[in-house]
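Tertiary structure, described
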Amino acid sequence: LMDTLLNALQGASIQTDIYGLALSTVVSFLASICVALLYYAFFENIRRGAQAHRFFLVGGPAITVMLLAIQFSLPLSLGLLGALSIIRFRTPVKEPEEVAYILLLIALSITCATFNFKLTGIMLVVATFALYIQRALPAAFLKKSKNGLLMVTLTGEGNGGAAESIKAHVPGSKLESLSAHDGFTSYHYSFESRGDFNTENAIKSIRESLRPEKISIVFNE
């Protein structure tokens, strides 16, 4: 099996006519539409993302044609694809999900360029199933959590007792920074809030024990 795979990678030469090339490009375009629909349906942070879906409809067929144009040599095709990795997005792709969609698009384009249309369909089915599982699992088995930032301002100079007292009111919190200015000390904590975290109770307990000048909690969605 390994010998067959290596021989295919080193000297693959597939002959086809213009209709086969057109079919490969059309299938790649249809697969790109499917990836774009999956992106719209399952990517929750679409407004804050890099808007990578705008690249899909043109990018998929473009990658397929690029691979077809270099005579079906998989090593050369993958090498050229790696060289194109120097392209940088004007808006950085920060969300891991968007990277996965881009990789899926590239993989589907490669299967279309090598006329593995059955594998193209299998990949789309598996990707769709995986996205459904990813959406269902947190709701069924895991407690949702989100990152938060706690800011407390006290009168006077900072001390370890106050820092530990604040931390005790918000389990799992971590002191990120401490600053003192004009007789006030500000404590900044990061924490991960679970489904059972009650913001009002946390603020109330801190107010009763420390009498802060100012307290605020901000969540990063």
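Above this text you will find the structure in question.
Just so it is clear, the structure is predicted and the values come from calculations on it, not from any experiment. (Residues numbered from 1 in each chain as written. Predicted model: local features only at pLDDT ≥ 70, side-chain atom pairs only at ≥ 80, totals over all residues. Heavy atoms only, no water.)

Running from N to C, helix α2 (residues 18-42) and helix α3 (residues 56-69) point in directions that differ by 145 degrees, and their axes come no closer than 8 Å. Considering only the axes of α2 and α3, their crossing is right-handed. Across the interface between the two elements, L21, S24, T25, S28, F29, S32, I33, V35, A36 and Y39 of α2 pack against F56, L57, G60, P61, T64, V65 and L68 of α3. A breakdown of the residues in the contact of α2 with α3 according to their chemical character gives eleven nonpolar, six polar and no charged. (Axes fitted to C-alpha atoms, helices over the stretch in contact; angles between N-to-C directions. Helix = DSSP H or I, 4+ residues; strand = E, 2+ residues; numbered from the N terminus. Left-handed = near helix turned anticlockwise from the far one by under 90°. Contact = heavy atoms within 4.5 Å. Nonpolar A, V, L, I, M, F, W, Y, C, P; charged D, E, K, R; others polar.)

As a further point, take the environment of T155. Counting through the fold element by element, T155 comes out in strand β1 (residues 146-155). Note on T155: relative accessible area 53%, which makes it exposed. Through-space distance from the C-alpha of T155 to that of E213 is 6.7 Å; in sequence the pair is 58 residues apart. When residues no more than four places from it in sequence are discounted, the contact partners of T155 are G183, F184 and E213. (Buried < 20%, exposed > 50% of the residue type's maximum accessible area, 1.4 Å probe, protein only.)

Position of E98 relative to the elements: it lies in helix α5 (residues 96-113). There is a polar contact of 2.6 Å between the side chain of E98 and the side chain of Y39. (Polar contact = N/O pair within 3.5 Å; in protein donor to acceptor, adjacent residues only side chain to side chain.)

Here we take up unusual backbone geometry. In this structure, F115 takes a positive phi of about 60 degrees despite not being glycine. Structurally, F115 is set in the loop between α5 and α6 (117-141). When its relative accessible area of 21% is taken as the criterion, F115 is described as partly exposed. In the Ramachandran plot, R211 falls in the positive-phi region, its phi being about 50 degrees despite a non-glycine side chain. Among the secondary structure elements, R211 is positioned in the loop between α8 (199-210) and β4 (214-220). Taking the relative accessible area as the measure of exposure, R211 reaches 66% and is therefore exposed.

Core analysis: the biggest nonpolar cluster contains 17 residues, and V35, L38, F56, Y101, L104 and L108 have the highest contact counts within it. Among the elements of the structure, α2, α5 and α6 are those that each provide at least two residues to this core. When residues of this core are assigned to their parent elements, the largest contribution, six residues, is made by α2. (Core = buried A, V, L, I, M, F, W, Y, C linked by side-chain atoms within 4.5 Å.)

Quick look at α5 now. Between its first and last C-alpha, α5 extends 26 Å over 18 residues, near the 26 Å set by a 1.5 Å rise per residue. Trailing α5 by a residue or two, F115 shows a phi angle of about 60 degrees, which is positive. (Expected span 1.5 Å × (residues − 1).)

What follows covers a nonpolar patch on the surface. A contiguous nonpolar surface patch, about 450 Å² in accessible area, is contributed by V26, F29, L30, L57 and V58. For the nonpolar patch, the element with the highest residue contribution is α2, accounting for three residues. Tracing the backbone shows V26 in helix α2. By relative accessible area, V26 is classed as partly exposed at 46%. (Patch = residues over 30% accessible without salt bridge, like charges linked within 9 Å, V, L, I, M, F, W, Y side chains within 5 Å. Areas by Shrake-Rupley, 256 points an atom, 1.4 Å probe, with all protein chains shown as cover. Salt bridge = Lys/Arg side-chain N within 4 Å of Asp/Glu carboxyl O.)

Within the element layout of this structure, I102 appears in helix α5. Classification of I102 by relative accessible area gives buried; the value is 13%. Once the C-alpha coordinates of I102 and H53 are considered, the two residues, 49 residues apart in sequence, prove to be 8.6 Å apart.

Moving on: the packing of α3 against α5. Think of two packed helices as two axes; the pair is described by the angle between the axes and how far apart they sit. In contact at an axis separation of 8 Å, α3 and α5 are set at 40 degrees when each is read in the N-to-C sense. In this view, α3 runs oblique relative to α5, as classed from their interaxial angle. Between α3 and α5 the crossing geometry is right-handed. On α5, the residues that touch F56, G59, G60, I63, T64, L67 and L68 of α3 are Y101, I102, L105, I106, S109, I110, C112 and A113. A per-class count over the contact of α3 with α5 returns eleven nonpolar, four polar and no charged. (Parallel < 35°, antiparallel > 145°, perpendicular 65-115°, else oblique.)

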